[in-house]
Number of protein chains: 6
Amino acid sequence: MLRLHGRQGRRFAQTDGYDAYYAGAEANACVLLARLGIGVDYVTVLPDNDIAMAGVRQLQAQGVGTDHIVYTGEKLGVYFTEQGNAIRPTRVIYDRDGSSYAKTGPGVIDWRSCLDGAAWFHWSGIAAAVSQHSAEASAEALAIAREKGVCISADFNYRTTLWKYGKHPREVMPDLLQHSTVAVADLDSAAVYYGIETDKSASFEDRFRQCSRTLKERIPPLEVLAMSFRTPHGIQHAYSGALYYKGEYYFSTVHELPFITDQIGSGDAFTAGMLYGLMRGLLPQQIIEFAVACGALKQSIAGDWALVTKSEVEQFIQHGSSGRIIR
Amino acid sequence: MLRLHGRQGRRFAQTDGYDAYYAGAEANACVLLARLGIGVDYVTVLPDNDIAMAGVRQLQAQGVGTDHIVYTGEKLGVYFTEQGNAIRPTRVIYDRDGSSYAKTGPGVIDWRSCLDGAAWFHWSGIAAAVSQHSAEASAEALAIAREKGVCISADFNYRTTLWKYGKHPREVMPDLLQHSTVAVADLDSAAVYYGIETDKSASFEDRFRQCSRTLKERIPPLEVLAMSFRTPHGIQHAYSGALYYKGEYYFSTVHELPFITDQIGSGDAFTAGMLYGLMRGLLPQQIIEFAVACGALKQSIAGDWALVTKSEVEQFIQHGSSGRIIR
Amino acid sequence: MLRLHGRQGRRFAQTDGYDAYYAGAEANACVLLARLGIGVDYVTVLPDNDIAMAGVRQLQAQGVGTDHIVYTGEKLGVYFTEQGNAIRPTRVIYDRDGSSYAKTGPGVIDWRSCLDGAAWFHWSGIAAAVSQHSAEASAEALAIAREKGVCISADFNYRTTLWKYGKHPREVMPDLLQHSTVAVADLDSAAVYYGIETDKSASFEDRFRQCSRTLKERIPPLEVLAMSFRTPHGIQHAYSGALYYKGEYYFSTVHELPFITDQIGSGDAFTAGMLYGLMRGLLPQQIIEFAVACGALKQSIAGDWALVTKSEVEQFIQHGSSGRIIR
Amino acid sequence: MLRLHGRQGRRFAQTDGYDAYYAGAEANACVLLARLGIGVDYVTVLPDNDIAMAGVRQLQAQGVGTDHIVYTGEKLGVYFTEQGNAIRPTRVIYDRDGSSYAKTGPGVIDWRSCLDGAAWFHWSGIAAAVSQHSAEASAEALAIAREKGVCISADFNYRTTLWKYGKHPREVMPDLLQHSTVAVADLDSAAVYYGIETDKSASFEDRFRQCSRTLKERIPPLEVLAMSFRTPHGIQHAYSGALYYKGEYYFSTVHELPFITDQIGSGDAFTAGMLYGLMRGLLPQQIIEFAVACGALKQSIAGDWALVTKSEVEQFIQHGSSGRIIR
Amino acid sequence: MLRLHGRQGRRFAQTDGYDAYYAGAEANACVLLARLGIGVDYVTVLPDNDIAMAGVRQLQAQGVGTDHIVYTGEKLGVYFTEQGNAIRPTRVIYDRDGSSYAKTGPGVIDWRSCLDGAAWFHWSGIAAAVSQHSAEASAEALAIAREKGVCISADFNYRTTLWKYGKHPREVMPDLLQHSTVAVADLDSAAVYYGIETDKSASFEDRFRQCSRTLKERIPPLEVLAMSFRTPHGIQHAYSGALYYKGEYYFSTVHELPFITDQIGSGDAFTAGMLYGLMRGLLPQQIIEFAVACGALKQSIAGDWALVTKSEVEQFIQHGSSGRIIR
Amino acid sequence: MLRLHGRQGRRFAQTDGYDAYYAGAEANACVLLARLGIGVDYVTVLPDNDIAMAGVRQLQAQGVGTDHIVYTGEKLGVYFTEQGNAIRPTRVIYDRDGSSYAKTGPGVIDWRSCLDGAAWFHWSGIAAAVSQHSAEASAEALAIAREKGVCISADFNYRTTLWKYGKHPREVMPDLLQHSTVAVADLDSAAVYYGIETDKSASFEDRFRQCSRTLKERIPPLEVLAMSFRTPHGIQHAYSGALYYKGEYYFSTVHELPFITDQIGSGDAFTAGMLYGLMRGLLPQQIIEFAVACGALKQSIAGDWALVTKSEVEQFIQHGSSGRIIR
Ligand SMILES: [Ca+2]
Ligand SMILES: [Ca+2]
Ligand SMILES: [Ca+2]
Ligand SMILES: [Ca+2]
Ligand SMILES: [Ca+2]
Ligand SMILES: [Ca+2]
Ligand SMILES: [Ca+2]
Ligand SMILES: [Ca+2]
Ligand SMILES: [Ca+2]
Ligand SMILES: [Ca+2]
Ligand SMILES: [Ca+2]
Ligand SMILES: [Ca+2]
Ligand code: NI
Ligand code: NI
Ligand code: NI
Ligand code: NI
Ligand code: NI
Ligand code: NI
Ligand code: NI
Ligand code: NI
Ligand code: NI
Ligand code: NI
Ligand code: NI
Ligand code: NI
Ligand code: NI
Ligand code: NI
Ligand code: NI
Ligand code: NI
Ligand code: NI
Ligand code: NI
């Protein structure tokens, strides 16, 4: 997907051009996993044109495998962003209808070949939100992943302005999520997909526990659930994470983040950080600290991708943000 | 429609952003007509979002009426351009499927109100190329224009990469064009729409005469037909125009144009220049000279719009291109 | 007026170019009123050149009427700005002497025609500060507005570095302001124009009450008086407003504004917000909340114009600044 | 003087900012002379603000002496430029009225101190065109230069759009030019200042001889007269120079210049090249070749200044333009 | 190697920043080969820092293998470029001394592993020009390549401003070149390396024949030799190629290239085109046409890399440069 | 030295170009001293190329004398910077090995001539860190300065990533520093050069007193020692200074600095402010306030140079940072 970001903090109403970044929830997660040394393949459907190809090449530059991408259809998904600031919100205009991906139904991608030898399949709720066809393609992939015994992880990722093809997410998502072993969620998605309401006056930790308990009931194979939390208070964003791991709860350090450069993609960086921790066998507390550090660092970088190294993540865990100069 | 033009002459494969221009064949013609002092309204269908609205405001800035624009649907048509140069061609990638305009069928625009008190209705073949719906909307508009006795002009404007909805242009265009009093065409469009083949070894003037004769037979009310011609020879483009006007042929000065800044939109500027000449009652030779000067000047300006004044067009007719400094 | 703003936060001493914005106290107020749906005309005097005309077209794009602008003289007023930050102040260099506007005396603008059918006449003290001629033109306009029974509102807008034509503001402004029904002022202007000193140790609310009482005595028809207040404290600016409305005092929410993008023009946005509230018959508390929200949002946008919608202002009133993403 | 040049070839009607260059006929000539190793002082009047000071510092960077600049008044002269191309002309909008320089009358600059120990005084006709005051300041300077026996050189430099203070150039310039030993002129200026008409059908060489003969009669001390000529033909500019030197005529190589980057300032570079040749005692043919090479090279450089070295000028004389790479 | 290119055509003397491109003769050739579908590995030595790594990632994005790059030392080679134009030459300032590559001696790169399974080894004379150490590393690689029976091709690539380590190229290059089967050369390099002087008054074709004959004697295994030729004439560059192939001579179409965007890297594109032709078994005339088309197209693209597709090269061979729009 | 700063806050991993600033500890200090009216000469060794010369011209523009610069060698020192923010640190990559300066040994600069008539010699520890040669050149300069009785001041300026030529700083620096009358230091440098460890749990004031006492013992002529301190706390940096002056201690106001634009060069601005205070005979408390204000203001300006005026420094001392607009 192509992100077109209004220049120099200008509003849509006044910008005379757009900076271009390649993006997409799964692509963003792949980029960080690849940078951290995990072998990943990004599987999607794109039109066969030079703009889409430039994005594929940028993924390759980050070390992401692109061999299973299918080229068909005519349109690359686009989204436009207007940079927000402490006074006015960031705005997003999606232009994804009719994209090569949205038109992808079952049979387009050769999932059996994609998953051959794979240990893990990660997908995001956005994949099911774009169109009926793409929801069916997700179902197809999940069925094959399950058949092959691949570990399945999901990012709930509910977006109000998608889901326009006539189904309520509650009709679609529980089925798709039912075989997940690992999930990243947020309280809003859980409410929409499963009707889980938590006590808004309770602490984040308690709401996470409440939500986890219900989700665990609704998704029996679920062993790991993670959420990130953001509380703007005064100038800063307080940013932290919670992890349910095989029956226990773990909560990360709370990072105070002033001066967000680009908030978009921080959820995907958090997800990639958590997946990295699981894949590398870190301890649960280490996993959630690593995931939160990834999500935090992303917010200091323009574009959707967390262009960081493992060593930078580790330094952030140790020292937090600091305004130093590293000469 | 939004045009996104790769920065600083960069290829799609290497650009990191896009300059934004608003465009579209009819919009481009409206802008120049309004700048020349003709009262015009641009009628189209757009999504109700800030990016589309920024384009509407730019049209208003040029003096184009926008009261009849209908806001519905979700997508603004987009096209991406890669700047060509003397060695490699300019490239265009369209992203128009599913746009608010493409989804427009009959009944969306209130053509009766639009044409109330209007003297002229101008449309372009692209309007019929985007989708079955939009072709039907064109037919609806033309029927009402004819009913109201409004003068109808058409720009043939054939684009190979559109026309994807299952009809051959020959099945659609002759019907839509049959009531045109004024037309801008080109030899390729005439061949596609009507099967008119001219003698490729003949001079441009003779080919224009051949084509005009046949078109006049096929479109009985046709009184005025104009074409522009471009011959790259060596470094320069030779650029000129031809006019059939009530039975007589007129040919413009041939302008040698070195260093094209932006070729896109020159046809629309030519069209607007011809319409201006007709509306202001210029003599036929003046009309074609004016039209060609508009088309030439456009090519010295970035973006689709001919941001010129009447006085600049007249100076160009008198002095041609010159590399002077006007202090 | 043309604002030339040093690029990318560079100092005058180091910038290699300037971003261009069109500006001016009354123009800024017109833009926001037009965006909020109020029919407005901007009346001024400009030179007849392409740079001035580009500004006029940008005003038209915002929906501001420009039919009464008079084109004469040779110079567009210019001001240069150097972006300040939390450590060093924003700097302004004016270049307005001898502008078409500064040379405007009585008889240049046809005020009778301008005010024909108008319900409201708004002007700013800057109009009287530029030159003796322009002060006389303001007097002429005010006399005709009064004669026609148009509601008169004034923005005190004292600028130390203008007022160079040999008169003290106190000799000029009280006469011009004497028929105002509505005014926007600030404590400094009131001190310069009327010698009103308020108790610096008192609260802002009390100082506003003191100042209002004296102004009400000095300007008998005055029914509405508004002021905005800004207190930088630590990193943030506390920003709020006060309204005197037919004998009662109303005070807005205090907004904490971190990260000012561009402070210039916030007073004009506040003024436009208040005028909007009056024109739409909002309740006094609503008026001052709306005005303050307009002034606050302006500070998140580059350039002098408050490029916001009514719905954004209302959301800001409800939620304040929040760092959200609106997808 | 500050030159503000519309960004990236955009028209005034569409640019959203301006690149900034410091300029002015005498300043431009000083810069090249200083780069060529000649000790020069630039004498002018500027306002005491950071934008003017940034220009002074750029002159110092080029090695130009600035000790005699007087700081008074409020306005730096400005001119706006729109980049032309092979199809449309370069456009200039002046904003110089009321500048510190235009308000300079006799007694402001201490010419006696400026010329103390100086061997040469060079001035341009623009200095007399801006205002009555500035013409008087030129007269004062020339009287003192003559009294001190300093060699006087003049650049005729007629600009139609200046000379607005109520005098015809013919009333002013002959007096000011009467003591010139060296002059740079052009046929238009000679026609305006002295009524010298040359035979338009004659060759440039013959027209130069005709003009020189009459000017020599009108300016008795004149020993050296130079002109540059530019003939756009097809795509290229033919650019050459002519020199009258103590009774003999010399004509330079004709350079074919394709792709002018920035034509403005080439006359001043030509002038500086000629003055350099005279000051260094080159032979007449060498002088005119050097001057023309300076004027040609300037046209390959953005901004008004000929940022070249002596060695580059000499290489251009030897090899002309060539498209080589110097590694 | 990092190329830093002065912004927007500015001279070194005036630029305020540099565009960044990754470059280097062998890297450039690899990029085009990879884009054409040939499996290639780029072997070099780089420092382990983020700027070098960004370049490696860009190579990966182009499909170039980077597994054999060795990371040691402290400095990435840099070269600065000033964009030339038709009036003044392009200028280059090298900053390569002490780079990781220049410090590379034998034993640093594991050539045996690099060449394991490889069919071809291509190198450039610049590799031997940078330092004594790097010349020795080239010798080591060539010895192993020969031992393994890999086909060896060489680009003569003589640069006057390198070769500073105390050896004349004639002492070094003939030994290194002696086992080449394929070579790209130019008349200057042949003169410097082998003392081959050709008759300057002869045609390019004849000079190529003369040079080829002598080189064939001096490099016994040489079967293929190619050269490109550039003749600036008037505004255009005439650009063509010659091929000696197993005893016969082949000459390409001469392309007239107006408006060079960036000349640097065209030799490497020519080389890659020729290697592609050889590897794919094209006929000799096809090979030289393909190579010349690659070299020509490169000159229309900013940066050192020929970002073209096979299909674009083939279209250029068929149609040449044309100023078309491909919609 | 040339600083290349990644564009618009982009990481090295994603920037497509670099803004260029000229820099270097002594150059930075010279620039501010010259701007404050102190006559200074910058003495260094540079290659004779256009990029170095552009930097020399920028120094001249700031009023810095450059007559004693020696032009030899081939490489200008470069350093690359990646802009940090509140979440991730600023990063620096040095490329100084082999620079003209690093290769400078004794005898290259004519120190006797440089110091002829000079009252003060200031140098920085970086000069001794780059290479054995440059350390020897520093020793030579210091010997001659001492012989001539010039006041010697030193900036300790320890950089971990330099000092690669095989000596520990402790073997080199104490000798070079032993004749300093004035020094700027920091606790880290004092620890590395002299092994001075201060009590980390003590207040900054106490640690400064501890360190001063020991340094005074180790550098007998030392009369003045200054340090600046920075404590990031929450979002802001607390920034202040301490001065040991002839036996007494003085501590500045603590400035809270939010939103650092560019931290690099603030130490050099602090040093220049202190030297200015000493040279102008300010009282000790005034000296340290002046130095700290210079260091603070620098942090609001892009690039290494403190482009401020004396009056701006004085205003900052009076009012601190304030977010005002100065019209
Ligand atoms: Ca812009
Ligand atoms: Ca961003
Ligand atoms: Ca870019
Ligand atoms: Ca364009
Ligand atoms: Ca900008
Ligand atoms: Ca701004
Ligand atoms: Ca722009
Ligand atoms: Ca320019
Ligand atoms: Ca620039
Ligand atoms: Ca380039
Ligand atoms: Ca960029
Ligand atoms: Ca910076
Ligand atoms: Ni940007
Ligand atoms: Ni723009
Ligand atoms: Ni813009
Ligand atoms: Ni870029
Ligand atoms: Ni850019
Ligand atoms: Ni642009
Ligand atoms: Ni910019
Ligand atoms: Ni710049
Ligand atoms: Ni600059
Ligand atoms: Ni810039
Ligand atoms: Ni520019
Ligand atoms: Ni801009
Ligand atoms: Ni620029
Ligand atoms: Ni660029
Ligand atoms: Ni760029
Ligand atoms: Ni930038
Ligand atoms: Ni970029
Ligand atoms: Ni910049």
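Refer to the preceding data block for the structure.
Residues numbered from 1 in each chain as written. Chains lettered and ligands numbered in written order. Predicted model: local features only at pLDDT ≥ 70, side-chain atom pairs only at ≥ 80, totals over all residues. Heavy atoms only, no water.

Participant: I'd love a proper account of the coordination of the calcium ion (ligand 3), names of residues and values included.
Facilitator: Donor atoms from the polypeptide that coordinate the calcium ion (ligand 3) comprise Asp-16 of chain B (OD) and Asp-16 of chain F (OD), at 2.6 to 2.7 Å from the metal. The distance between the calcium ion (ligand 3) and the calcium ion (ligand 11) comes to 3.1 Å, with Asp-16 of chain B serving as a donor to both metals. With one member in each of two chains, Asp-16 of chain B in the loop between β1 (2-6) and β2 (17-22) and Asp-16 of chain F in the loop between β1 (2-6) and β2 (17-22) form a pair that bridges those chains. (Donors = N, O, S within 2.8 Å, 3.2 Å for Na, K, Ca; no water. Helix = DSSP H or I, 4+ residues; strand = E, 2+ residues; numbered from the N terminus.)

Participant: How would you sum up the environment of Gly-241 of chain A? Please name residues and give values.
Facilitator: Residues and elements named next belong to chain A. Summarising the element assignment, Gly-241 is placed in strand β11 (residues 236-245). Classification of Gly-241 as buried rests on a relative accessible area of 1%. In this structure the C-alpha to C-alpha distance between Gly-241 and Ser-100, which are 141 residues apart in sequence, comes to 34 Å. With residues up to four places along the chain from it excluded, the contact list for Gly-241 reads Phe-204, Met-227, Ser-228, Tyr-250, Phe-251, Ser-252, Phe-270, Ile-288 and Val-292. (Buried < 20%, exposed > 50% of the residue type's maximum accessible area, 1.4 Å probe, protein only. Contact = heavy atoms within 4.5 Å.)

Participant: An account of the pairing of strand β11 (residues 236-245) of chain E is needed here, citing residue identities and associated values.
Facilitator: Residue and element names in this part refer to chain E. Summarising burial for β11: 10 of the 10 residues are buried, a large majority. Bridging between strand β10 (residues 224-233) and β11 involves 10 bridges; their strand directions are antiparallel. Each residue of the ladder has a partner; that of Thr-231, found in β11, is Ala-238. By the bridge criterion, 3 bridges tie β11 to strand β13 (residues 255-257) in an arrangement that is antiparallel. Each bridged residue has a counterpart across the sheet, and for Tyr-239 the counterpart in β13 is His-255. Examined bridge by bridge, β11 and strand β12 (residues 248-251) share 4 bridges and lie antiparallel to one another. Residue Tyr-245 lies in a different strand from β12, and its bridge partner there is Glu-248. The turn joining β11 and β12, which pair antiparallel and follow one another in sequence, is formed by 2 residues; a positive phi near 45 degrees is taken by Lys-246. (Pairing = 2+ DSSP bridges.)

Participant: Tell me what's going on with helix α2 (residues 50-61) of chain B, and back it up with residues and numbers.
Facilitator: Side chains of residues three or four places apart in an α-helix project in the same direction, reflecting 3.6 residues per turn. All names here are of chain B. Here α2 spans 16 Å end to end across 12 residues, near enough to the 16 Å set by a 1.5 Å rise per residue. Within α2 the residues assigned to the buried category are Ile-51, Ala-52, Ala-54, Gly-55, Val-56, Arg-57, Leu-59 and Ala-61. Taken from the residues just after α2, Gly-63 is the one with a positive phi, measuring 90 degrees. (Expected span 1.5 Å × (residues − 1).)

Participant: Which residues make up the sheet that holds strand β6 (residues 90-95) of chain B, and what values do they have?
Facilitator: Pairing is mixed in the open sheet, where 10 strands are placed in the order β14(C)-β6(A)-β5(A)-β1(A)-β2(A)-β2(B)-β1(B)-β5(B)-β6(B)-β14(E). Edge positions in the sheet fall to β14 (325-326) of chain C together with β14 (325-326) of chain E, since each has one partner strand and no second. Here β1 of chain B pairs with strand β5 (residues 78-82) of chain B via 4 bridges, running parallel. Looking across to β5 of chain B, one finds that His-5 of chain B is bridged to Thr-81 of chain B.

Participant: Explain the relation of the copies chain A and chain B to me, using residue names and the numbers behind them.
Facilitator: If you rotate chain A by 180 degrees and push it 0.0 Å along the axis, it lands on chain B with an RMSD of 0.0 Å. The transformation just described matches what one would write down for a two-fold rotation axis. If distances are taken from each C-alpha of chain A to the rotation axis, the shortest is found for Tyr-18 of chain A, at 2.6 Å. Taken together, the interface assignments show that 100% of the residues at the interface of chain A recur at the interface of chain B, consistent with an identical surface on both copies. (Least-squares fit on C-alpha atoms with pLDDT ≥ 70 in both.)

Participant: Go over the packing of aromatic side chains, please, and point to the residues and values.
Facilitator: A complete count under the given rule lists 84 aromatic pairs over all chains for this structure. Geometrically, the ring pair formed by Tyr-276 of chain B and Phe-290 of chain B is stacked, given 4.8 Å between the ring centres and 20 degrees between the ring planes. Taken together, the residues Tyr-276 of chain B in helix α9 (residues 266-279) and Phe-290 of chain B in helix α10 (residues 284-298) connect sequence positions 14 residues apart. For Phe-290 of chain B, a relative accessible area of 3% corresponds to the buried category. Look at Phe-156 of chain F and Tyr-193 of chain F: their rings are 5.6 Å apart centre to centre, the planes differ by 35 degrees, and that puts the pair in the tilted class. A residue pair is termed long-range when its members are at least 10 positions apart, and Phe-156 of chain F in the loop between β8 (151-155) and α6 (169-177) and Tyr-193 of chain F in helix α7 (residues 187-194) qualify at 37 residues. Judged by its relative accessible area of 0%, Phe-156 of chain F is buried. The ring of Tyr-249 of chain C is capped by Arg-209 of chain C, whose NZ or CZ atom sits 5.6 Å from the centre of that ring. (Phe/Tyr/Trp six-rings, centres within 6.5 Å; stacked < 30°, edge-to-face > 60°. Lys NZ or Arg CZ within 6 Å of the ring centre and 35° of its normal.)

Participant: Can you lay out the interface of chain A and chain B for me, pointing to particular residues and giving the numbers?
Facilitator: With 23 residues of chain A at the contact, the number on the chain B side is 23 residues. Counting the surface lost from both chain A and chain B, the interface buries some 2000 Å², and carbon and sulfur atoms represent 53% of this. The largest share of the area that chain A buries against chain B comes from Tyr-18, Asp-50 and Ile-51 of chain A, three residues that together contribute 24% of it. Viewed at the interface, chain B and chain A are joined by 6 salt bridges. Among the secondary structure elements, those contributing two or more residues to the side of chain A that touches chain B are β1 (2-6), β2 (17-22), α2 (50-61), β5 (78-82) and β6 (90-95) of chain A. With 4 residues, β2 of chain A is the single largest residue contributor to the side of chain A that touches chain B. A class-by-class count of the residues in the side of chain A that touches chain B yields 12 nonpolar, 2 polar and 9 charged. Where β2 of chain A meets β2 of chain B, 3 bridges bridge the pair, whose relative direction is antiparallel. By the bridge assignment, Gly-17 of chain A is partnered in β2 of chain B with Asp-19 of chain B. (Buried area = accessible area lost by both parts, 1.4 Å probe. Salt bridge = Lys/Arg side-chain N within 4 Å of Asp/Glu carboxyl O. Nonpolar A, V, L, I, M, F, W, Y, C, P; charged D, E, K, R; others polar.)

Participant: I'd love a proper account of unusual backbone geometry, names of residues and values included.
Facilitator: Here Trp-163 of chain A, not a glycine, exhibits a phi torsion of approximately 55 degrees, which is positive. Following the sequence through the fold, Trp-163 of chain A ends up in the loop between β8 (151-155) and α6 (169-177). For Trp-163 of chain A, a relative accessible area of 10% puts it in the buried group. Despite not being glycine, Lys-246 of chain D shows a phi value in the positive range, around 45 degrees. Turning to its location among the elements, Lys-246 of chain D is positioned in the loop between β11 (236-245) and β12 (248-251).

Participant: Can you explain the sheet that holds strand β2 (residues 17-22) of chain C? Please cite residues and give values.
Facilitator: Reading across from one edge, β14(B)-β6(D)-β5(D)-β1(D)-β2(D)-β2(C)-β1(C)-β5(C)-β6(C)-β14(F) is the order of the 10 strands in this open sheet, with mixed pairing throughout. Among the strands making up the open sheet, the edge pair consists of β14 (325-326) of chain B together with β14 (325-326) of chain F. Across 5 bridges, strand β5 (residues 78-82) of chain D lies against strand β6 (residues 90-95) of chain D in antiparallel orientation. Each bridged residue has a counterpart across the sheet, and for Phe-80 of chain D the counterpart in β6 of chain D is Ile-93 of chain D. Running over the sheet, helix α2 (residues 50-61) of chain D touches β2, β5 (78-82) and β6 (90-95) of chain C together with β1 (2-6) and β2 (17-22) of chain D and is turned about 50 degrees from β2 of chain D. (Axes fitted to C-alpha atoms, helices over the stretch in contact; angles between N-to-C directions.)

Participant: Requested: an account of the pattern of salt bridges, with residues and values cited.
Facilitator: Enumeration according to the criterion identifies 99 salt bridges over all chains in this entry. With a shortest N-O distance of 2.6 Å, Arg-3 of chain B and Asp-304 of chain B are connected by a salt bridge. In this pair, Arg-3 of chain B is assigned in strand β1 and Asp-304 of chain B in the loop between α10 and α11 (310-319), connecting sequence segments 301 residues apart. Glu-312 of chain D is paired through a salt bridge with Arg-11 of chain E; the nearest N and O atoms lie 2.5 Å apart. Taken together, the residues Glu-312 of chain D in helix α11 (residues 310-319) and Arg-11 of chain E in the loop between β1 (2-6) and β2 (17-22) connect one chain to another. Assigned by exposure class, Glu-312 of chain D and Arg-11 of chain E land together as buried. Overlapping salt bridges bring together Arg-11, Glu-82, Arg-88 and Arg-91 of chain A together with Glu-312 of chain C as one network.

Participant: Any chance you could break down the packing of helix α1 (residues 25-35) of chain E against helix α9 (residues 266-279) of chain E for me, citing the residues and the numbers?
Facilitator: Residues and elements named next belong to chain E. Packing of α1 against α9 brings their axes to within 8 Å, and their N-to-C directions diverge by 50 degrees. The orientation of α1 relative to α9 falls into the category oblique. Viewed along their axes, α1 and α9 form a crossing whose handedness is right-handed. Residue-level inspection shows Ala-25, Asn-28, Ala-29, Leu-32 and Leu-33 of α1 in contact with α9, the latter providing Asp-268, Ala-269, Ala-272, Gly-273, Leu-275 and Tyr-276. A class-by-class count of the residues in the contact of α1 with α9 yields 8 nonpolar, 2 polar and 1 charged. (Parallel < 35°, antiparallel > 145°, perpendicular 65-115°, else oblique. Left-handed = near helix turned anticlockwise from the far one by under 90°.)

Participant: Provide a residue-level description of the environment of Asp-67 of chain E, including the pertinent values.
Facilitator: Relative to the elements of secondary structure, Asp-67 of chain E occurs in the loop between α2 (50-61) and β4 (70-71). In sequence terms Asp-67 of chain E and Cys-114 of chain E are 47 residues apart; their C-alpha atoms lie 8.9 Å from each other.

Participant: Can you break down the packing of α6 of chain A against helix α7 (residues 187-194) of chain A residue by residue, with the values?
Facilitator: All names here are of chain A. In the contact formed by α6 and α7, the axes pass within 7 Å of each other and the chain directions differ by 105 degrees. In terms of their interaxial angle, α6 and α7 are classed as roughly perpendicular. Contact residues: Pro-169, Arg-170, Met-173, Pro-174 and Leu-177 in α6; Ala-191, Val-192, Tyr-193 and Tyr-194 in α7. Among the residues making up the contact of α6 with α7, the classes are represented as 8 nonpolar, no polar and 1 charged.

Participant: Lay out the side chain of His-5 of chain B in plain terms, naming residues and giving numbers.
Facilitator: Residue and element names in this part refer to chain B. With respect to the element layout, His-5 can be found in strand β1. Within the structure, His-5 has its side chain in polar contact with the side chain of Arg-3 (distance 3.4 Å). Polar contacts involving the side chain of His-5 include one to the side chain of Thr-81, which spans 2.7 Å. Not counting the four nearest positions on each side in its chain, His-5 is found in contact with Gly-17, Tyr-18, Asp-19, Tyr-21, Thr-81 and Gln-83. (Polar contact = N/O pair within 3.5 Å; in protein donor to acceptor, adjacent residues only side chain to side chain.)

None of the figures reported here should be taken as evidence of function without further support.
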